[in-house]
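Here's the letter readout for the chains.
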Amino acid sequence: MANKKKKPAQKSQPNSKKKFPIKPVIAAVIAAALVAALVVLIVIRTSEDNAKHVLQNTAWVSQTAKTASGDEVDIREVYNVKYSNYQGNLTFDGENGFELWLRPGDISDGTHRGTYELDGDKLKVSFEGGSDTEFILTRNNGEIVRIDVPFEDYVVSFFPQ
(Lines give C-alpha, C1' and ligand atoms only; values in the text may rest on other atoms or scores of the structure.)
Protein backbone atom coordinates (compact mmCIF):
# COMPACT_ATOMS: atom_id res chain seq x y z
CA MET A 1 0.00 0.00 0.00
CA ALA A 2 1.11 3.31 -0.74
CA ASN A 3 1.77 5.70 1.96
CA LYS A 4 -0.58 8.58 1.93
CA LYS A 5 0.84 11.73 3.08
CA LYS A 6 -1.06 13.33 5.77
CA LYS A 7 -1.98 16.85 5.23
CA PRO A 8 -0.66 19.00 7.96
CA ALA A 9 -3.40 20.27 10.18
CA GLN A 10 -4.25 23.80 9.44
CA LYS A 11 -3.64 26.04 12.31
CA SER A 12 -6.82 27.58 13.45
CA GLN A 13 -6.56 31.32 13.52
CA PRO A 14 -8.36 33.10 16.26
CA ASN A 15 -10.90 35.66 15.22
CA SER A 16 -8.44 38.28 14.28
CA LYS A 17 -10.17 41.63 14.40
CA LYS A 18 -8.13 44.67 13.66
CA LYS A 19 -7.69 46.96 16.62
CA PHE A 20 -9.28 50.40 16.42
CA PRO A 21 -6.55 52.99 15.79
CA ILE A 22 -7.10 55.09 18.92
CA LYS A 23 -3.82 57.03 18.77
CA PRO A 24 -4.57 58.79 15.45
CA VAL A 25 -8.07 59.66 16.70
CA ILE A 26 -6.69 61.21 19.89
CA ALA A 27 -4.14 63.17 17.87
CA ALA A 28 -6.87 64.45 15.53
CA VAL A 29 -9.08 65.53 18.46
CA ILE A 30 -6.20 67.39 20.11
CA ALA A 31 -5.31 69.10 16.84
CA ALA A 32 -8.95 70.14 16.29
CA ALA A 33 -9.15 71.55 19.84
CA LEU A 34 -5.97 73.59 19.30
CA VAL A 35 -7.28 74.98 16.02
CA ALA A 36 -10.61 75.90 17.65
CA ALA A 37 -8.83 77.67 20.53
CA LEU A 38 -6.67 79.61 18.08
CA VAL A 39 -9.73 80.70 16.07
CA VAL A 40 -11.49 81.92 19.25
CA LEU A 41 -8.38 83.84 20.31
CA ILE A 42 -8.11 85.50 16.89
CA VAL A 43 -11.81 86.47 16.90
CA ILE A 44 -11.56 88.00 20.40
CA ARG A 45 -8.39 89.91 19.56
CA THR A 46 -9.84 91.19 16.28
CA SER A 47 -12.98 92.33 18.06
CA GLU A 48 -10.95 94.31 20.60
CA ASP A 49 -8.79 95.89 17.90
CA ASN A 50 -11.88 96.81 15.87
CA ALA A 51 -13.45 98.49 18.91
CA LYS A 52 -10.32 100.59 19.34
CA HIS A 53 -10.45 101.61 15.68
CA VAL A 54 -14.16 102.39 15.97
CA LEU A 55 -13.32 105.07 18.54
CA GLN A 56 -10.66 106.67 16.37
CA ASN A 57 -11.63 110.07 14.96
CA THR A 58 -15.02 110.11 16.72
CA ALA A 59 -16.77 112.76 18.81
CA TRP A 60 -19.12 112.14 21.72
CA VAL A 61 -21.37 114.52 23.68
CA SER A 62 -22.66 114.28 27.23
CA GLN A 63 -26.40 113.89 27.57
CA THR A 64 -27.11 112.37 30.97
CA ALA A 65 -25.50 112.01 34.37
CA LYS A 66 -26.05 110.00 37.54
CA THR A 67 -24.92 110.28 41.11
CA ALA A 68 -22.86 107.55 42.76
CA SER A 69 -26.11 106.05 44.08
CA GLY A 70 -27.52 105.85 40.54
CA ASP A 71 -29.99 108.76 40.71
CA GLU A 72 -30.25 110.73 37.48
CA VAL A 73 -29.38 114.42 37.74
CA ASP A 74 -29.72 117.37 35.41
CA ILE A 75 -26.55 117.79 33.38
CA ARG A 76 -26.57 121.51 34.30
CA GLU A 77 -26.06 120.55 37.95
CA VAL A 78 -23.04 118.43 37.06
CA TYR A 79 -21.36 121.21 35.10
CA ASN A 80 -22.61 123.98 37.41
CA VAL A 81 -24.08 125.96 34.49
CA LYS A 82 -27.41 127.60 33.73
CA TYR A 83 -27.35 126.77 30.01
CA SER A 84 -30.12 124.32 29.25
CA ASN A 85 -28.37 122.90 26.20
CA TYR A 86 -24.79 122.71 27.48
CA GLN A 87 -22.92 119.50 26.61
CA GLY A 88 -19.44 118.31 27.40
CA ASN A 89 -17.34 116.80 24.60
CA LEU A 90 -15.20 113.70 24.35
CA THR A 91 -13.17 113.23 21.18
CA PHE A 92 -10.74 110.53 20.08
CA ASP A 93 -7.93 111.15 17.61
CA GLY A 94 -6.50 108.82 14.97
CA GLU A 95 -4.13 107.13 17.42
CA ASN A 96 -4.91 106.34 21.04
CA GLY A 97 -5.36 109.88 22.32
CA PHE A 98 -8.44 111.69 23.57
CA GLU A 99 -9.66 115.11 24.69
CA LEU A 100 -12.33 115.58 27.34
CA TRP A 101 -13.97 118.98 27.76
CA LEU A 102 -16.42 119.23 30.62
CA ARG A 103 -16.76 122.84 31.73
CA PRO A 104 -17.85 125.89 29.76
CA GLY A 105 -15.41 128.67 29.15
CA ASP A 106 -12.12 128.80 27.35
CA ILE A 107 -11.53 125.40 25.78
CA SER A 108 -7.85 125.51 26.73
CA ASP A 109 -8.79 125.81 30.43
CA GLY A 110 -11.34 123.01 30.57
CA THR A 111 -9.79 120.44 28.25
CA HIS A 112 -8.20 117.31 29.62
CA ARG A 113 -5.97 115.33 27.28
CA GLY A 114 -4.55 111.88 27.56
CA THR A 115 -4.22 108.43 26.09
CA TYR A 116 -6.38 105.34 26.35
CA GLU A 117 -6.06 101.60 26.10
CA LEU A 118 -8.98 99.31 25.37
CA ASP A 119 -9.54 96.56 27.94
CA GLY A 120 -12.76 94.67 27.15
CA ASP A 121 -15.65 96.97 28.00
CA LYS A 122 -13.38 99.52 29.65
CA LEU A 123 -11.08 102.22 28.45
CA LYS A 124 -8.10 102.60 30.72
CA VAL A 125 -7.27 106.28 30.44
CA SER A 126 -4.21 108.21 31.50
CA PHE A 127 -4.46 111.99 31.70
CA GLU A 128 -1.49 114.18 30.87
CA GLY A 129 -1.46 115.38 34.48
CA GLY A 130 -0.62 111.88 35.65
CA SER A 131 -3.95 110.58 36.95
CA ASP A 132 -5.52 107.37 35.67
CA THR A 133 -9.12 106.18 35.59
CA GLU A 134 -11.48 103.98 33.59
CA PHE A 135 -14.29 104.90 31.21
CA ILE A 136 -16.98 102.20 30.89
CA LEU A 137 -18.26 101.22 27.43
CA THR A 138 -21.80 100.11 26.71
CA ARG A 139 -22.39 98.15 23.52
CA ASN A 140 -25.41 97.22 21.48
CA ASN A 141 -24.86 94.41 18.99
CA GLY A 142 -21.12 94.88 19.39
CA GLU A 143 -21.23 98.61 18.57
CA ILE A 144 -20.19 101.12 21.24
CA VAL A 145 -23.25 103.26 21.99
CA ARG A 146 -22.31 104.96 25.27
CA ILE A 147 -19.21 105.88 27.26
CA ASP A 148 -19.58 106.49 31.00
CA VAL A 149 -17.01 108.88 32.45
CA PRO A 150 -16.50 109.45 36.19
CA PHE A 151 -16.51 113.16 36.98
CA GLU A 152 -16.33 114.42 40.56
CA ASP A 153 -19.30 112.76 42.34
CA TYR A 154 -21.07 111.84 39.12
CA VAL A 155 -20.94 109.47 36.19
CA VAL A 156 -21.49 111.39 32.95
CA SER A 157 -22.74 109.44 29.92
CA PHE A 158 -21.46 110.38 26.47
CA PHE A 159 -23.22 109.38 23.26
CA PRO A 160 -22.03 109.54 19.62
CA GLN A 161 -22.33 113.00 18.11
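Residues numbered from 1 in each chain as written. Predicted model: local features only at pLDDT ≥ 70, side-chain atom pairs only at ≥ 80, totals over all residues. Heavy atoms only, no water.

## Here we look at the packing of aromatic side chains
Any two aromatic rings considered together are summarised by their centre-to-centre distance and by the angle between their planes. The condition is simple: In this scheme Phe, Tyr and Trp rings, the latter by its six-membered ring, pair at centre separations within 6.5 Å, and the angle between planes marks the pair as stacked below 30 degrees, edge-to-face above 60, and tilted otherwise. The helix count covers DSSP runs of H or I at least four residues long, the strand count covers runs of E at least two residues long, and both are numbered beginning at the N terminus. Here the term buried applies to any residue with accessible area under 20% of the maximum for its type, exposed to any over 50%, and partly exposed to those in between, with areas from a 1.4 Å probe on protein chains only.
According to the stated counting rule, one finds 3 aromatic pairs in the structure shown. Ring centres of Phe92 and Tyr116 lie 5.1 Å apart, and the angle between their planes is 80 degrees; this geometry places the pair in the edge-to-face category. Placement of the pair is Phe92 in strand 3 (residues 89-92) and Tyr116 in strand 5 (residues 111-119), with a sequence separation of 24 residues. For Phe92, a relative accessible area of 4% corresponds to the buried category. The interplanar angle of 80 degrees and the centroid separation of 5.4 Å between the aromatic rings of Phe98 and Phe127 together place this pair among those described as edge-to-face. Taken together, the residues Phe98 in strand 4 (residues 97-101) and Phe127 in strand 6 (residues 122-127) connect sequence positions 29 residues apart. For the pair formed by Phe98 and Phe127, the shared burial category is buried. Through a chain of ring-to-ring contacts, the aromatic side chains of Phe98, Phe127 and Phe135 assemble into a single cluster.

## Examining unusual backbone geometry
For Asn141, which is not glycine, the phi torsion reads 55 degrees and is therefore positive. Topologically, Asn141 is positioned in the loop between strand 7 (132-140) and strand 8 (143-151). Even without a glycine there, the phi angle at Glu152 is positive, about 50 degrees. Note on placement: Glu152 falls in the loop between strand 8 and strand 9 (154-160).

## A look at the pairing of strand 9
Filter applied, for reference: Here a strand pair is declared whenever DSSP counts at least two bridges between the two strands.
Pairing analysis gives 7 bridges linking strand 1 (residues 59-67) to strand 9, with the strands arranged antiparallel. Its bridge partner lying in strand 9, Thr67 is registered against Tyr154. For strand 8 and strand 9, the ladder comprises 5 bridges, and the chain directions are antiparallel. Its bridge partner being in strand 9, Pro150 is matched across the sheet by Val155. Taking the residues between adjacent antiparallel strands as the criterion, strand 8 and strand 9 are bridged by 2 residues, where Glu152 takes a positive phi near 50 degrees.

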